[in-house]
Amino acid sequence: HIEAVHAARDRHSDMLVLAGSEVDIHADGHLDYDDDLLGALDIVVASPHASLKQSPEIATKRLLAAIEHPLVHIIGHPTGRMLGRRPGLDPDMHALVQAAAAHGTALEVNANPRRLDLRDAHVRSAVAAGCLVASITDAQAAEQFAFLRCGVLTARRGRLTEAQCV
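Residues numbered from 1 in each chain as written. Predicted model: local features only at pLDDT ≥ 70, side-chain atom pairs only at ≥ 80, totals over all residues. Heavy atoms only, no water.

Draft legend 1. Focus on the overall build of the protein chain. Looking only at helices and strands, one finds 6 helices and 5 strands in the protein chain. Computed over C-alpha atoms, the radius of gyration of the protein chain comes to 16 Å, within 12% of the 15 Å expected from 2.2 N^0.38 for 166 residues, which places it in the range of a compact globule. The principal-axis extent of the C-alpha atoms belonging to the protein chain is close to 45 × 35 × 30 Å. Counting all 166 residues of the protein chain, 45% fall into the buried class. Counting only carbon and sulfur atoms, one obtains 54% of the accessible surface of the protein chain, whose full area is about 8800 Å². Seen as two clouds, the 16 positive and the 21 negative side-chain charges of the protein chain have centres 12 Å apart. (Helix = DSSP H or I, 4+ residues; strand = E, 2+ residues; numbered from the N terminus. Rg over C-alpha atoms; globule rule 2.2 N^0.38 Å. Buried < 20%, exposed > 50% of the residue type's maximum accessible area, 1.4 Å probe, protein only. Areas by Shrake-Rupley, 256 points an atom, 1.4 Å probe, with all protein chains shown as cover. Lys, Arg positive; Asp, Glu negative; His and termini not counted. Charge placed at Lys NZ, Arg CZ, Asp CG, Glu CD.)

Draft legend 2. Summary view of the sheet that holds strand S5 (residues 133–136). The parallel open sheet is built from 5 strands, whose spatial order is S1-S2-S3-S4-S5. Strand pairing shows two members of the sheet lacking a second neighbour, strand S1 (20–24) and S5, which therefore form its edges. Note: strand S2 (residues 43–47) against strand S3 (residues 74–75), 2 bridges, orientation parallel. Bridge pairing in S3 links Ala46 to Ile75. (Pairing = 2+ DSSP bridges.)

Draft legend 3. Up close: the side chain of Asn110. Structurally, Asn110 is set in strand S4 (residues 106–110). A relative accessible area of 0% places Asn110 in the buried class.

Draft legend 4. Geometry of the pairing of S5. Pairing of S4 with S5 involves 4 bridges; the strand directions are parallel. Within S5, the residue paired with Val109 across the bridge is Ser135. Following the backbone out of S4, through helix H5 (residues 120–129) and into the adjacent parallel S5, one traces a crossover that is right-handed. (Right-handed = clockwise from strand over helix to strand, strands pointing away.)

Draft legend 5. Fine view of helix H4 (residues 93–103). Buried residues of H4: Met93, Leu96, Val97, Ala99 and Ala100, and no others. One face of H4 carries all of its buried residues, which in axial projection span an arc of 165°. For H4, exposure combined with an orientation more than 90 degrees from the buried face picks out His94 and Ala102. Buried residues belonging to H4 abut helix H3 (56–68), S4 and H5. Capping the start of H4, Asp92 holds a side-chain oxygen 3.1 Å from the backbone nitrogen of His94, two or three residues further along. (Arc of directions from axis to C-beta. Contact = heavy atoms within 4.5 Å. Polar contact = N/O pair within 3.5 Å; in protein donor to acceptor, adjacent residues only side chain to side chain.)

Draft legend 6. Geometry of unusual backbone geometry. The omega angle of the peptide bond from Asp117 to Leu118 is 25°, so this bond is cis rather than trans. Residue placement: Leu118 occurs in the loop between S4 and H5. With phi around 20°, His77 is a residue other than glycine that occupies positive phi space. For His77, the location among the structural elements is in the loop between S3 and H4. A residue is classified by how much of its surface remains accessible, and His77, at 1% relative accessible area, is buried. Positioned with a positive phi, Asp138 is a non-glycine residue whose angle comes to about 60°. Within the secondary structure, Asp138 is located in the loop between S5 and helix H6 (148–157). Exposure remark for Asp138: the relative accessible area of 17% places this residue in the buried category.

Draft legend 7. Representation of the pattern of salt bridges. Using the criterion set out here, one finds 3 salt bridges in the structure. A salt bridge links Asp138 to Arg115; the shortest N-O distance between them is 3.5 Å. Linking Asp138 in the loop between S5 and H6 with Arg115 in the loop between S4 and H5, this pair joins segments that are 23 residues apart in sequence. Here Asp138 and Arg115 have matching classes, each one buried. With a shortest N-O distance of 3.1 Å, Arg157 and Asp120 are connected by a salt bridge. Linking Arg157 in helix H6 with Asp120 in helix H5, this pair joins segments that are 37 residues apart in sequence. (Salt bridge = Lys/Arg side-chain N within 4 Å of Asp/Glu carboxyl O.)

Without other data, these values stay purely geometric and don't point to any function.
Structure (C-alpha cells):
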C-alpha cells in the first residue's frame, strides 16, 4: 500500500500525496507498528484507543513516550474522550504540550463533534508553549469531512495561529 501511495505521489507532482497511518498507543506507551513500518510512512498519527481509565501519571507517561518517538508526527485525540460517552484520559496537558513543542510533535484537535479533543483550553496551552497543532476531521465517511468546521472553531477559540497549524 505504501508503495502504491508513493507511486501516486510520483504521478501527481502537482499535489502532496502522503502515505500515512493512525497507530495505537498501547497502555504501556509502545506503538502498534514496528519502527521499520513506521519509517516507511510519510506521516504517523499515534492515538490512544483503549485503556482510557489510566491514572493521570500513567497516562502522561504513555503519551510522552509517543510524543518522544522520533517517527511520530502527530498525537491524535490525546485524551480519547467521547462526549456524553466517556471522559477519557486525564494526562498532565502542560507536560504534554511542553514535550510536544520540544520534539516538534503536533497535537491534534480532533474535529469530530463527539470528541473535540484537544479542548480549546488545551489549544491555548499548546499555542503558548510553541507547540504545533493539527486539526483532523477523523472522518469515517465522506459527509464527515464537514466536521472540519468544528475543529477550526475549536482551534480559533484556542488562539491557534497559522504558523503553528499543520
